[in-house]
Every structure is written in structure tokens, then in C-alpha cells.
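These are the residues of each chain, in order.
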Amino acid sequence: MERTTSRRKPTIRDVAEAAGVSYGTVSRVLNGGRWVSPQAREAVESAIVATGYRTNHAARSLATGRANSLAFLLTEEQHLLFADPTFALLLRGAAEALSQRAMTLVLLVAGTPRERESVEHYVSAGHVDGVMLISSHESDPLLDRLLAAGIPTVSCGAPLGHQGELSSVSVDETASAKEMTRHLRDRGHRRIAMIAGPPDTPGGRFRLVGFREEMGSDYDDSMVEIGDYGMESGAAAMSRLLARHPDIDAVFAASDLMAAGAVQALRRAGRRVPEDVAVAGFDDSGLAESHEPPLTTMRQPWDRISEEMVALLLEVIAGAPPRAIVLPTTLVVRDSA
């Protein structure tokens, strides 16, 4: 007669013993605590793999009253999740940051009134512990509803109209735009146009502020067009600019997608890039490097933005007051400008 034996499931105490740390240290690592040294965190993560430990999410949820999951909430139309590479980069980074904390990422899209209502009900019901708000618009009522419902929320980008009311992670939009404009001027360009983003978004508003400040007395409102960050809008904006100012010698677009659209419009008009018109973008989301010609752009630190958003949201969930993290960008010079 065969005997069957069942192997005892490893516990947190087994992980602590294997890692040579305390039970509390393992608990802090599993719960995303920040007060753990890199050496201790690495030891715990290695011990988790070695012991085969798996978190009992149901038990943790019952014990803590939390869902042990965070929402990645995109307030744009669904197709942009795949059309705009910046969202995929943020999503990937957030998923990685949460997997390291044994937490679950829930993807939510709220680009229509019906989707916004559904999302509001979902998060208010406690299915997630907090929300990472991506691409918020000042005119969008969803943020007001999240705040009114007391949902812990962190914004990607400065939350226009709500600064100081919730935590945020952003890049220095104004300084970044000034640096790119200065680069174009240093290259000898004087008839510089800008394709800005929507003014109710932080990137649309503050990148234009930086461009205007750096241009100084040379700034001209008629040398600015507004796009929606997409490629088609960049092409349309470039065509309008050329119709008004055929002597444009450089253009700064507030996204790489709009910069790529500008290149298309310039080629249709018989202009060479960069020989006739220099083109610069913003993001360095992967498109810029693979584009022909490769785009000069401002690189956002995507992995760090996602990691900081997750860490900051966990702080908010734990009761910390709102705070804003502002990260630097990097000028990446390629063939287009």
C-alpha cells in the first residue's frame, strides 16, 4: 500500500529563517514597506524563491480589510492604450513594481461617461486599495469623484486644479521644454514653432510655458498649434503652421507621436528633416529611436515614474499626507534636430 505525504507549505517564518532576518522584516517586504535595506530586501526575495513561499491573498485580505491590489486607471479612450507607447511603458513599470510586492495590478479604462461611472462604482466598492491616475484632464470630473469618495489616489503628472489635494509623480515639464527650446536655438534655429498638447493636461500646459519662457521676446502665438498627443494631430498641426509660416526652420512637439506626424507633413510639403526643418519631440518612448530619422527628444524616466507612483500610493493608503515628486528628464540628441 502506497503512503502519500503532503509537504507543509512554507510560512513567513521559514522565509525569515532562510533569509537570516526577522519575521517583521519579511512582513515589511511583502507589504511593500520602504524601511528595508536593499541587502535585506534582496535576501528576503531570494529566500522566497528558495522556499517556494506563496502569499495567501485571501487570508491577508480578511486580516487587513484590504484588496491587496491597485488600479492603473487610464482616463483616455481604449485604443490609446495600444496606440500611445507611453501608457504601455507606465503599465509595465507599475506591474513590475507591484509583482515585487506580491500585489495585483488592475487595469481600468475610463474614456467615456459610462466607463467613468462604472470605474467609480468599482473602486468605491473596495475592489482595489487605491488608484494610479494616468493622463488626467482638468476638465474630467472623475478625479473630483474619487477625492469625494475618499479613494487613495496618486496622479501621474501634476493634477491640474487639485495641486496639494493628492499626491503626484511628474517630470519637470517647464524646465524640460526650456532645455529642448534652448537646444534648438543653440543649433542656430530662429523660426521655431511648437505643437503643444491639450491645455487641460499638465504636459500640454507646462511644456508650452517652458517654450514661451525660453523664446522670450521671439515668442509668437501664431507659431503655436495644439494637438492631442497623437500622430494625426501632429501632422495636421504641422500643415497649419506651414500654411501660416512657410519659413519655419524648427518645430518642437510635446510628444514623439506628434513629432512623427510633423515629419510626415513636412515630407508631404517637400521639406527635408533636418536639413530644412529640425523636428524635436518629448517622451523617448521607443518610437523616437526607431523613427526615420531618429528623433531628438526629452526622455522621461518611465520605470522610476511607475515605481514612485506605486510607493507613493502605498504611503497614501497607510495614511501619509499628500506630496508631490518631480523627476528630471534627459535631453537625447539624435538625427532629427
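Look a little higher up for the structure.
Predicted model only: the values in this text are computed from it and were never measured.

Q: Quick one: what's the story with the pattern of salt bridges, residue by residue and with numbers?
A: This model, assessed by the stated rule, comprises 16 salt bridges. A salt bridge links Arg207 to Glu173; its shortest N-O distance comes to 2.6 Å. In this pair, Arg207 is assigned in helix H10 (residues 202-215) and Glu173 in helix H9 (residues 173-186), connecting sequence segments 34 residues apart. Each member of the pair, Arg207 as well as Glu173, carries the same accessibility label: buried. Across the salt bridge formed by Arg244 and Glu225, the nearest N and O atoms sit 2.7 Å from each other. Taken together, the residues span a long stretch of sequence, with Arg244 in helix H11 (residues 231-244) and Glu225 in strand E7 (residues 224-226) at a distance of 19 residues.

Q: Quick one: what's the story with the sheet that holds strand E8 (residues 250-253), residue by residue and with numbers?
A: Strand order across the open sheet formed by four strands is E7-E6-E8-E9, with parallel pairing between neighbours. Lying at the two open borders of the sheet, with one neighbouring strand each, are E7 and strand E9 (278-280). Pairs of neighbouring strands in the sheet enclose a mean axial angle of 15 degrees, with direction left out of account. Sheet topology note: the E8/E9 ladder contains three bridges and is parallel. Following the sheet pairing, Val251 is matched in E9 by Val279. Against the sheet, H10 contacts strand E6 (192-196), E7 and E8, and its axis sits at roughly 165 degrees relative to E6. Its contacts with the sheet put helix H12 (residues 256-268) on E6, E8 and E9, and the angle it makes with E9 is roughly 160 degrees.

Q: If you had to explain unusual backbone geometry to someone new, which residues and values would you point to?
A: Here the bond from Val273 into Pro274 is cis, since omega is 10 degrees, no more than 30 degrees from zero. In this fold, Pro274 is placed in the loop between H12 and E9. Its identity as a non-glycine residue notwithstanding, Ser135 has a phi of 60 degrees, on the positive side. If you trace the backbone, Ser135 turns up in the loop between strand E3 (130-134) and helix H8 (142-148). A positive phi angle, close to 55 degrees, is found at Asp284, a residue other than glycine. Here Asp284 is to be found in the loop between E9 and helix H13 (287-290).

Q: An account of empty space enclosed by the protein is needed here, citing residue identities and associated values.
A: For the coordinates displayed, the defined rule picks out three cavities of 30 Å³ or more. Considering only enclosed or pocket space, the largest cavity measures out at about 50 Å³ in volume. Lining the largest cavity we find Ser136, His137, Glu138, Asp140, Leu143, Asp144, Pro159, Leu160 and His162. Partitioned by chemical class, the residues of the lining of the largest cavity number three nonpolar, three polar and three charged.

About the criteria used
- Residues numbered from 1 in each chain as written.
- Predicted model: local features only at pLDDT ≥ 70, side-chain atom pairs only at ≥ 80, totals over all residues.
- Heavy atoms only, no water.
- Salt bridge = Lys/Arg side-chain N within 4 Å of Asp/Glu carboxyl O.
- Helix = DSSP H or I, 4+ residues; strand = E, 2+ residues; numbered from the N terminus.
- Buried < 20%, exposed > 50% of the residue type's maximum accessible area, 1.4 Å probe, protein only.
- Pairing = 2+ DSSP bridges.
- Axes fitted to C-alpha atoms, helices over the stretch in contact; angles between N-to-C directions.
- Contact = heavy atoms within 4.5 Å.
- 1 Å grid on protein atoms, 1.4 Å probe; cavity = no way out; pocket = protein on both sides within 12 Å on 5 of 7 lines; lining within 4 Å.
- Points joined across faces, edges and corners; volume = space filled by probe spheres on them.
- Nonpolar A, V, L, I, M, F, W, Y, C, P; charged D, E, K, R; others polar.

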